[in-house]
Amino acid sequence: MNYARMVIEKEAPEEYGYDRIRFNLSESSIADQKLSDLGVSLPDLTLFYGEHRGDRTLRALIAGQEAGLSPDDVLVTAGAAGALFIIATSLLSASDHLVVVRPNYATNIETPKAIGCAITYIDLDFDKGFALDVGAVEAALKPNTRTISVTCPHNPTGTMLSRADLDALVALAERRGCYLLVDETYRDLSLGEKLPVAASLSPCAISVCSLSKAFGIPGIRIGWLVTRDAELYERFLAAKEQIGICGSVIDEAIATKALQGRDAFLATLLPEMAARRDIVQAWVDSEPLIEWVRPQGGVVGFPRMGVGPDFDTARFYESLLGRHGTYVGPGHWFEMPKTFFRIGFGWPTEAELRGGLAAISAALREQN
Ligand SMILES: Cc1ncc(COP(=O)(O)O)c(C=O)c1O
């Protein structure tokens, strides 16, 4: 494995220093929660090795989110990142081929790169609404394609697959004898129609999800993968056991409490997040130097600056942070031009969001 640090991680706000940022619009989750926000106080837990698959009550809560899933289909992992690592390293080798959407959450690309497999990228195009072309995925398949990897809701664009496209991808994977990996980390933040957990549709489909984004608790490192293929599950479990045997019993206890309150939590959260999206929409509508594809899920969007070739993007980002204290996720975090940037509208307070948007407008004009 040829590991290289990802730029999105090197430049992550927690690495830069939260205290140095005034308006943090770079996050992809809702605001970070405290135990008290979740109404959780910890019992006197026994700190033993937990069940290797993850606590059974927790797995039952996860499986219970979709008809046709059993707790035994769920493997709890160290975040969705841990699940993606287990899946990539279990399925891919240097002689395999992967079809993956780009831009994407960096791990979906970087771990396969570190493995050294052949990769075909399906590039999403702003001018086509960042929509996934299932025909292009099909055309990219080769005899040694092992995995098709998509993300829905998508990071960084916030676009979603239609149900018809998800079904078509599942059917494609079944027909061509490969796996469909659907990174569903933002599923609970679907602002429109929530798609089914892909793994419930076929043993060829593997779902990945997490509590980090919709629940704002990335610090407990709880994610999971779901597969209905028992042999494959065993292989993933072997990988988990070799990495860390089991998860943290403290993290799993907190995750269980959070998921027990899921419906009420999301019922309050989702209208708030839709209203946040409207704030950004109103800014985009009134800002001639910015256009975006209106996100349908997650709490991020990926706007494009309407600037000329002389516009100095490096200077823009320097001023945005240095002078205006505003941090966004620049395009290079996602192998995209720096005229794109990711805005996270769920993490900051409403006042911070408005302050950050005004700062972007100001920084854009410093060079015009
Ligand atoms: C699409 C996607 N998948 C996975 C992750 C990893 O999340 P975590 O490991 O915190 O669950 C992220 C984080 O940004 C993400 O955007």
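Predicted, not measured: the structure shown is a model, and the values here were computed from it. All residue numbers refer to position in the chain's written sequence, counted from 1. Where totals are concerned, whole chains, interfaces and linings use all residues; where local detail is concerned, this predicted model gives features only for residues with pLDDT of at least 70, and gives and counts side-chain atom pairs only at 80 or more.

## Description of the site of the ligand
- Each residue receives a C-beta atom built from its backbone; the residue is near a molecule or strand if that atom lies within 6 Å of it. The ligand sits among 13 residues. The nearest are Gly79, Ala81, Tyr105, Ser210 and Ser212.
- Considering each element in turn, the shell around the ligand owes the most residues, 3 residues, to helix α4 (residues 79–91).
- Note on residue classes: Ala, Val, Leu, Ile, Met, Phe, Trp, Tyr, Cys and Pro are nonpolar, Asp, Glu, Lys and Arg are charged, and everything else, Gly too, is polar. Taken together, the residues of the shell around the ligand sort by class into 4 nonpolar, 8 polar and 1 charged. A run of DSSP states H or I qualifies as a helix once it reaches four residues; a run of E qualifies as a strand once it reaches two. Both are numbered from the N-terminal end.

## Topic: the pairing of strand β7 (residues 205–210)
- Counting other C-beta atoms within 10 Å of each residue's C-beta, where C-beta atoms are placed from the backbone, gives the exposure class: buried for 20 or more, exposed for 12 or fewer, partly exposed between. Taken across its 6 residues, β7 has 6 buried, putting it largely inside the fold.
- Because side chains alternate across β7, one face comprises the buried residues Ala205, Ser207 and Cys209, and the other comprises Ile206, Val208 and Ser210, equally buried.
- DSSP-based pairing: two strands are paired if at least 2 bridges between them are found. In terms of strand pairing, strand β6 (residues 179–183) meets β7 through 4 bridges, oriented parallel. Of the residues in β7, the one forming a bridge with Val182 is Ser207.
- Alignment of β7 against strand β8 (residues 222–226), held across 4 bridges, turns out to be antiparallel. Residue pairing in the sheet places Ser210 in a bridge with Gly223 of β8.

## A word on the packing of helix α3 (residues 56–63) against helix α9 (residues 249–260)
- To obtain each axis, a line is fitted to C-alpha atoms, and for helices this fit is confined to the stretch in contact; angles are then taken between N-to-C directions over 0 to 180 degrees. Relative to each other, α3 and α9 sit at 35°, their axes nearing to 9 Å. The handedness of the crossing between α3 and α9 is left-handed. Contact residues: α3 offers Thr57, Leu58 and Leu61, while α9 offers Glu252, Ala255, Thr256, Leu259 and Gln260.
- Here the contact of α3 with α9 is composed, by residue class, of 4 nonpolar, 3 polar and 1 charged. A crossing counts as left-handed when the near helix is turned anticlockwise from the far one by less than a right angle, and as right-handed when that turn is clockwise. For the purpose of contact definition, each residue receives a C-beta atom placed from its backbone, and two residues are in contact when these atoms lie within 7 Å.

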